[in-house]
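So you can see what is in the structure, the chains are spelled out below.
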Amino acid sequence: MLRRLYNRMLAAAEHPSALWILAIVSFAESSVFPIPPDVMMIPMILAAPHRAWLIAGVCTAASVVGALLGYGIGHFFFEQVGQPVLEAMGKAEKMDAFNTTFSEWGVWAVLIAGMTPFPFKVITIMSGWASFPLIPFLLSSIVARSLRFFIVAALLKAYGPPIRGFVEKRLGLVFAAFLIVLIGGFMVLRVL
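In short, a report on the structure.

This next bit is on unusual backbone geometry. Among all residues except glycine, the phi angle is most often negative; among peptide bonds, the trans geometry is most common. Although it is not a glycine, Ser131 adopts a positive phi angle of roughly 55°. The topology assignment puts Ser131 in the loop between helix 7 (120–129) and helix 8 (134–169). Take Ser131: its relative accessible area is 43%, and that puts it in the partly exposed class.

So, on to the packing of helix 4 (residues 52–76) against helix 7. At a minimum axis distance of 6 Å, the contact between helix 4 and helix 7 shows a crossing angle of 45°. As the angle between them shows, helix 4 and helix 7 are arranged oblique. You can see that helix 4 and helix 7 cross each other, and the crossing is right-handed. Facing helix 4, whose interface residues are Ser63, Ala67, Gly70, Tyr71, Ile73, Gly74 and His75, helix 7 presents Phe120, Thr124, Ile125, Ser127, Gly128 and Trp129.

Criteria and cut-off values
- Residues numbered from 1 in each chain as written.
- Predicted model: local features only at pLDDT ≥ 70, side-chain atom pairs only at ≥ 80, totals over all residues.
- Heavy atoms only, no water.
- Helix = DSSP H or I, 4+ residues; strand = E, 2+ residues; numbered from the N terminus.
- Buried < 20%, exposed > 50% of the residue type's maximum accessible area, 1.4 Å probe, protein only.
- Axes fitted to C-alpha atoms, helices over the stretch in contact; angles between N-to-C directions.
- Parallel < 35°, antiparallel > 145°, perpendicular 65-115°, else oblique.
- Left-handed = near helix turned anticlockwise from the far one by under 90°.
- Contact = heavy atoms within 4.5 Å.

The structure is reproduced here in structure tokens:
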């Protein structure tokens, strides 16, 4: 099953709509969707390394626009949308403590969450809820997401064939490691 999905992702990388789908996933991940765009971005770059910068750019731009939506959800619609999302992630009871900490570490929180497997949507929604200043939020989102996606793109562009060979030989192991990192990010979120 994993092999079939991986092969589909590689085949879809050259499809004209692949970048649009990646943009939608990246946009949604920054505000409400639980799956990071890396799941789609990495196979796309492995299949078409000559498009690595374009793929990373689309991922970054869509993610930052999605971060603005997350900020808006937190700022304007927290009770209707933001709170249910955070409750689903088990974070509703820690909002007051988060607000205090976030006031002190806001830019760093956005930078760290934007570059790690930590669910970025939590920071975007909470930034809006805490009324974190929009310009620092936007600038730190641009920096964090650019670093994350362009570093991955640069590594895959430079070392793509060996990485692709490794991934293809050990697809189950790579998928399991990715799930561990993803679940680990959510576990860290539960602890915070």
